[in-house]
Amino acid sequence: MPVFSRIVDTLDATEASFVSVAQSFNTATSMGRLLLNMLLAFAQFEREVTAERIRDKIADSKRRGLWMGGQVPLDAEDQ
């Protein structure tokens, strides 16, 4: 999100605008800016929710004693 915002700010500084061909928004209009900001906010929200789910899943697996990736550590019986 920050990178795309910087790109849009750079375009604004040069009096250019971002126009999407696939979606119907244009940063030259107020409605286009609103839509762009809403999409960026939802993208950030989705990234944060995904990260929380992954952290929760790893913590739950560790609590249940499951090994999460890599080689299984050796214990006294394996040595």
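Residues numbered from 1 in each chain as written. Predicted model: local features only at pLDDT ≥ 70, side-chain atom pairs only at ≥ 80, totals over all residues. Heavy atoms only, no water.

### Remarks on the overall build of the protein chain
Rules: Helical segments are the DSSP runs of H or I of at least four residues, strand segments are the runs of E of at least two, and each set is numbered from the N terminus. Only protein chains enter the accessibility calculation, which uses a 1.4 Å probe; a residue whose area is less than 20% of its type maximum is buried, one above 50% is exposed, and one in between is partly exposed. Contacts: residue pairs with any heavy atoms within 4.5 Å of one another. The Shrake-Rupley method, run with a 1.4 Å probe sphere, supplies the accessible areas, and residue values consider only the shown protein chains as cover.
In terms of regular secondary structure, the protein chain is built from two helices and zero strands. The principal-axis extent of the C-alpha atoms belonging to the protein chain is close to 70 × 20 × 20 Å. Split into buried and exposed, the 79 residues of the protein chain put 11% on the buried side. At a minimum sequence separation of 6, the contacts of the protein chain that also span at least 24 residues come to 26%. Carbon and sulfur atoms provide 60% of the accessible area of the protein chain, an area that totals close to 6600 Å².

### Concerning helix 1 (residues 2-13)
One turn of the α-helix equals 3.6 residues, which is why residues spaced by three or four share an orientation. Worth spelling out the cut-off: Expected span of a helix, by definition, is 1.5 Å for each gap between consecutive residues, and there is one gap fewer than residues.
The terminal C-alpha atoms of helix 1 lie 16 Å apart, and with 12 residues this matches the ideal 16 Å at 1.5 Å per residue to within 8%. Downstream of helix 1 by one or two residues, Glu15 has phi in the positive range, about 60°.

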